[in-house]
Amino acid sequence: MERVRRKALVDAALRVIGDHGSLTVTMSDIARQAGVSPALAHHYFGSKEQLLIETIRSLLRQLRNDTVAALKAARTPRARLSAIIRVSFHADQFAPETIAAWLAFYAEAQRSDETRRFLVIYARRLRSNLLADLKVLLPADAAERIAEGAAAMIDGLYIRQSLKSAPIGIEASIALTEDYLNALLATASPSPRSEKGRPHRTTQGQMT
């Protein structure tokens, strides 16, 4: 029951933050959304700050799990790159309240070292995943440049989606990022590395 209620509070925090568009929500707001008392919310998390940190942890955990599953299903470096792109725009991650929550956490990162640390983890994971497979296809310098560009494009399209006056859908965002990647892969010199004998990645940033 504790695990169920903690998850319900995290899910409620995500919805409330998304509705408000900022972290200026109260524990009472979150508890009301979860259908529990503020006292119970404080019992499980101690403070609003602790609940918000668990909420961003939950977002990162889900993104990581989705990426790991997608990478396991892909069999080539190019297929793994496409898997990373598609996961980045997965319907759950692209839900309006999720996008609003991410943007609220980015704003909070200007004031909170702990929030900034979690967002740095996200950025490093995305870059690491892109770079690992790009280095199989391209020389290191080209791989690093394209990884940075692709990561920036993913984040930029995510921000554009928050502008309700100019929405960009999931498939359009995937297509734009794939077009960018295809164009640069076509003009870059191939890497001398071979896929043969390359260890299979099972988690973000890790090899086995």
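Residues numbered from 1 in each chain as written. Predicted model: local features only at pLDDT ≥ 70, side-chain atom pairs only at ≥ 80, totals over all residues. Heavy atoms only, no water.

Here we come to the environment of alanine 101. Mapped onto the secondary structure, alanine 101 falls in helix 6 (residues 96-108). Linking alanine 101 and leucine 14, residues 87 residues apart in sequence, is a C-alpha distance of 6.3 Å. Alanine 101 has contacts with Leu14, Ile17 and Gly18, leaving out every residue within four places of it along the chain. (Helix = DSSP H or I, 4+ residues; strand = E, 2+ residues; numbered from the N terminus. Contact = heavy atoms within 4.5 Å.)

Along the polypeptide, serine 173 turns up in helix 9 (residues 170-187). Sequence-distant contacts of serine 173, that is, excluding residues within four places in its chain, are made with Phe89, Phe94, Leu157 and Ile168.

Taken as a whole, this structure holds ten salt bridges when the rule is applied. Of the charged contacts in the structure, one is a salt bridge between glutamate 54 and arginine 61, with a shortest N-O distance of 3.3 Å. Owing to a relative accessible area of 40%, arginine 61 belongs among the partly exposed residues under this scheme. In this structure, aspartate 133 engages arginine 80 in a salt bridge whose closest nitrogen and oxygen atoms are separated by 2.8 Å. Here aspartate 133 is found in helix 7 (residues 113-137), whereas its partner arginine 80 is found in helix 5 (residues 77-88), with 53 residues between them in sequence. Beyond isolated ion pairs, a larger network of salt bridges with shared partners links Glu54, Arg57 and Arg61. (Salt bridge = Lys/Arg side-chain N within 4 Å of Asp/Glu carboxyl O. Buried < 20%, exposed > 50% of the residue type's maximum accessible area, 1.4 Å probe, protein only.)

Here the protein chain averages 87 in pLDDT, while 89% of its residues score no lower than 70. Across the protein chain, the element-wise mean pLDDT spans from 38 in strand 2 (residues 206-207) up to 96 in helix 5. (pLDDT = per-residue confidence, 0-100.)

Once that is clear, we can look at the packing of aromatic side chains. The final tally for this structure, using the stated rule, is one aromatic pair. Relative to tyrosine 122, the ring of tryptophan 102 lies with its centre 5.5 Å away and its plane at 45°, an arrangement referred to as tilted. Placement of the pair is tryptophan 102 in helix 6 and tyrosine 122 in helix 7, with a sequence separation of 20 residues. Considered together, tryptophan 102 and tyrosine 122 belong to a single accessibility category, that of buried residues. If you follow arginine 6 out to its NZ or CZ, it ends over the ring of phenylalanine 45, 4.3 Å from the centre. One cation-aromatic arrangement involves arginine 117 over phenylalanine 118; the distance from NZ or CZ to the ring centre is 4.6 Å. (Phe/Tyr/Trp six-rings, centres within 6.5 Å; stacked < 30°, edge-to-face > 60°. Lys NZ or Arg CZ within 6 Å of the ring centre and 35° of its normal.)

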